[in-house]
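Structural overview
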Amino acid sequence: MNGQPLTGQAPDTTAAPLRLGTRRSALAMAQSGMVAREVTRRTGRPVELVEITTYGDTSREALAQIGGTGVFVSALRDALLEGRIDFAVHSLKDLPTAAPEGLLLAAVPEREDSRDALVARDGLALGELVEKLAGAGRPARIGTGSPRRMAQLNAWARERGDRLETVAIRGNVDTRIGFVASGELDAVVLATAGLNRLGRSAEITEHLDPELMVPAPGQGALAIECTAAAALPEGGGLAAALAALDHAPTRVAVAAERALLATLEAGCSAPVAALAGWGHRSELRLEGVVGTVDGATLLKMSADGPIVLDETAEQQAVALGRALAARLLDAGAAALMGERAR
Ligand SMILES: NCc1[nH]cc(CCC(=O)O)c1CC(=O)O
């Protein structure tokens, strides 16, 4: 392979390549390519990309109608369980919270920027955009497919007494940004991490402060998955090799975010946001948000826990996430259940 890194081990070309299953989207290919290079750099094993087409890639139905983003994940998991690939890379925020049978979360690499990003016309930030259009006598039209982003955008506008209109969109990054370029929408909101990985960070007109827009649980982080059998002696050391890419502080932080999500999912189907960050002296601060899509109600709470980064760290983080979810439910999160859950 060209562009071999100067550090790390040279690929052992005598070993059979590890097969990394990936979706064909530009973002999935970029993420998989990065992980493939990192696995080779750290283990010396060559990695080949195997394209897996998922129903979510070919269907034009709304994601909600075909069962959420889990559809992107399940085709890769089937390929793992059928032995067609050795490992897979997912966006962690797309992973269902239920632990899959027969599979192993081999590594959670260090998280990219977790913030959401605004891509707006004329290089404008959110406040400027809304004010400029108010002057023109109409609300800003902002595209996002995410109820979580809609809820927080609408809550922000309500608080300021400004008007904006959230417009449901889906499609890949090109399609979404295209709505702004074409003038159909005034802005779209996307994950910063995805844009960075695609080399499109120059198109971001504002990084949305988590004060305004708490990201999705796991946003900006990747998940590297292999079969549980890869950790057994006959697995050839694959699980241990992949574990070299693990970043414990990220893994523990997203464990707290996902525990909050899992607990809330059991009791409520409202938009959920969660972000855990490390403070001084191994303090993990978890912030959780539950709201209504119209932004009329937004419950926001946080919890701090000193966490020892030992082998129980994930369990400590899970306990923190569950405790915060319980407080949110007590404060009325359960009552925010959407129509579908009724
Ligand atoms: N829902 C799709 C999805 N899954 C992961 C990312 C971005 C990368 C990440 O969050 O790690 C995106 C696109 C987006 O939300 O803009």
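A quick note: this is a predicted structure, and the numbers were derived from the prediction, not measured. Numbering of residues starts from 1 in every chain and runs along the sequence as written. The model is predicted, so local features are restricted to residues of pLDDT at least 70 and side-chain atom pairs to those at 80 or more, both for listing and for counting; the totals for chains, interfaces and linings are taken over all residues.

**Thoughts on the overall build of the protein chain**
So the rule is basically this: Put simply, DSSP H or I for four residues or longer makes a helix, DSSP E for two residues or longer makes a strand, and each gets a number counted from the N terminus. Once C-beta atoms are placed from the backbone, each residue is buried if 20 or more other C-beta atoms lie within 10 Å of its own, exposed if 12 or fewer, and partly exposed for counts between those two. Any residue pair is listed as a contact if its two C-beta atoms, each placed from the backbone, are within 7 Å.
Check the secondary structure of the protein chain and you find 10 helices and 13 strands. Out of the 342 residues belonging to the protein chain, those deemed buried represent 43%. Contacts in the protein chain between residues at least 24 apart in sequence constitute 74% of all its contacts with a sequence separation of at least 6.

**Focus: the domain arrangement of the protein chain**
In plain terms, the rule: The domain limits used here are those given by an automatic or database domain assignment.
The domain boundaries assigned to the protein chain delineate domain 1 (18-109 + 221-246), domain 2 (116-207) and domain 3 (252-332). One C-alpha centre belongs to domain 2, the other to domain 3; they are set 26 Å apart. On the domain 3 side, the residues contacting the 9 residues of domain 2 number 9 residues.

**A closer look at the confidence of the model for the protein chain**
What counts is decided by this rule: A score from 0 to 100, pLDDT tells how confident the predictor is in each residue.
Confidence in the prediction for the protein chain averages 91 pLDDT; 89% of positions are at 70 or higher. A low-confidence stretch, residues 1-6 (pLDDT under 50), is modelled with 3 contacts involving residues beyond four sequence positions or located in other chains. pLDDT under 50 marks residues 62-67. Its contacts with residues more than four places away, or in other chains, come to 11 contacts.

**Comments concerning the pairing of strand β2 (residues 47-51)**
Selection rule: At least two bridges found by DSSP between two strands is the condition for calling them paired. Assignment of crossover handedness uses the view with strands pointing away from the viewer, where a clockwise path from the first strand over the helix to the second indicates a right-handed crossover.
Here strand β1 (residues 18-22) runs beside β2; their pairing, made up of 5 bridges, is parallel. If you follow Leu20 over to β2, its bridge partner there is Leu49. Handedness of the β-α-β unit built from β1, helix α1 (residues 26-43) and β2 comes out right-handed.

**A closer look at the sheet that holds β1**
Quick reminder of the rule: Lines are fitted to the C-alpha atoms to define the axes, a helix being fitted only along its stretch in contact, and any angle between axes, read from their N-to-C directions, falls within 0 to 180 degrees.
Across the sheet, 5 strands lie side by side as β2-β1-β3-β10-β4; this open sheet has mixed pairing. The open sheet has two edge strands with one neighbour each: β2 and β4 (103-107). When the angles between neighbouring strand axes are averaged without regard to direction, this sheet yields 35°. Judged from the 5 bridges that link them, strand β3 (residues 87-91) and strand β10 (residues 222-227) form a sheet pairing that is antiparallel. Of the residues in β10, the one forming a bridge with His90 is Ala223. The strands that α1 touches are β1, β2, β3 and β10; relative to β1, the one it contacts most, it runs at about 160°.

**Some details on the packing of helix α9 (residues 248-267) against helix α10 (residues 313-330)**
We count it as follows: Crossing handedness is read from the near helix: turned anticlockwise from the far helix by less than a right angle, it gives a left-handed crossing, and turned clockwise, a right-handed one.
Interaxial distance between α9 and α10 falls to 7 Å at its minimum, and their mutual angle equals 35°. The chirality of how α9 crosses α10 is right-handed. On α10, the residues that touch Ala248, Arg251, Val252, Ala255, Ala256, Glu257, Arg258, Ala259, Leu260, Thr263, Leu264 and Gly267 of α9 are Ala313, Glu314, Ala317, Val318, Leu320, Gly321, Arg322, Leu324, Ala325, Ala326, Leu328 and Leu329.

**Here we look at the site of the ligand**
For clarity, the cut-off: Residues are counted as near a molecule or strand when the C-beta atom, derived from backbone positions, lies within 6 Å of that molecule or strand. Each residue gets one label: Ala, Val, Leu, Ile, Met, Phe, Trp, Tyr, Cys and Pro are nonpolar, Asp, Glu, Lys and Arg are charged, and the others, such as Gly, are polar.
What surrounds the ligand is a group of 10 residues, the closest being Ser91, Leu190, Ala191, Ala193 and Gly194. For the shell around the ligand, the elements supplying multiple residues, two or more each, are β8 (187-191) and α7 (192-197). Residue classes in the shell around the ligand are distributed as 3 nonpolar, 5 polar and 2 charged. Residue assignment places the shell around the ligand across two domains, with domain 1 (18-109 + 221-246) and domain 2 (116-207) each supplying three or more.

**Quick word on helix α4 (residues 126-135)**
Counted only if it meets this: Comment: arc refers to directions from the helix axis out to C-beta atoms.
Leu126, Leu129, Val130 and Leu133 are the residues of α4 that are buried. Buried residues in α4, looked at end-on, bunch into an arc of 95°, giving them a common side. In this fold, the buried residues of α4 make contact with β5 (116-120), β6 (140-143), α5 (147-160), β7 (164-167), β8 and β9 (206-207). A positive backbone phi angle near 85° is found at Gly137, which sits one or two residues after α4.

**A look at the nonpolar core**
Applicable threshold: Note on terminology: a nonpolar core is any set of buried Ala, Val, Leu, Ile, Met, Phe, Trp, Tyr and Cys residues joined through C-beta atoms within 7 Å.
Counting residues in each nonpolar core, the largest one holds 94 residues, and the members touching the most others are Ala187, Ile224, Leu242 and Ala256. When residues in this core are grouped by element, the largest group, 9 residues, is from α9.

**Looking at the sheet that holds β5**
One open sheet accounts for 5 strands, arranged β7-β6-β8-β5-β9; its pairing is mixed. The two strands at the open ends of the sheet, each matched to only one other strand, are β7 and β9. Looking at chain direction, β6 and β7 are connected through 4 bridges and run parallel. Pairing of Ala140 across the sheet is with Leu164, part of β7. Running at roughly 140° to β6, α4 makes contact with β5, β6, β7, β8 and β9 of the sheet. This element, helix α6 (residues 173-181), spans β5, β6 and β8 of the sheet and lies at about 155° to β8.

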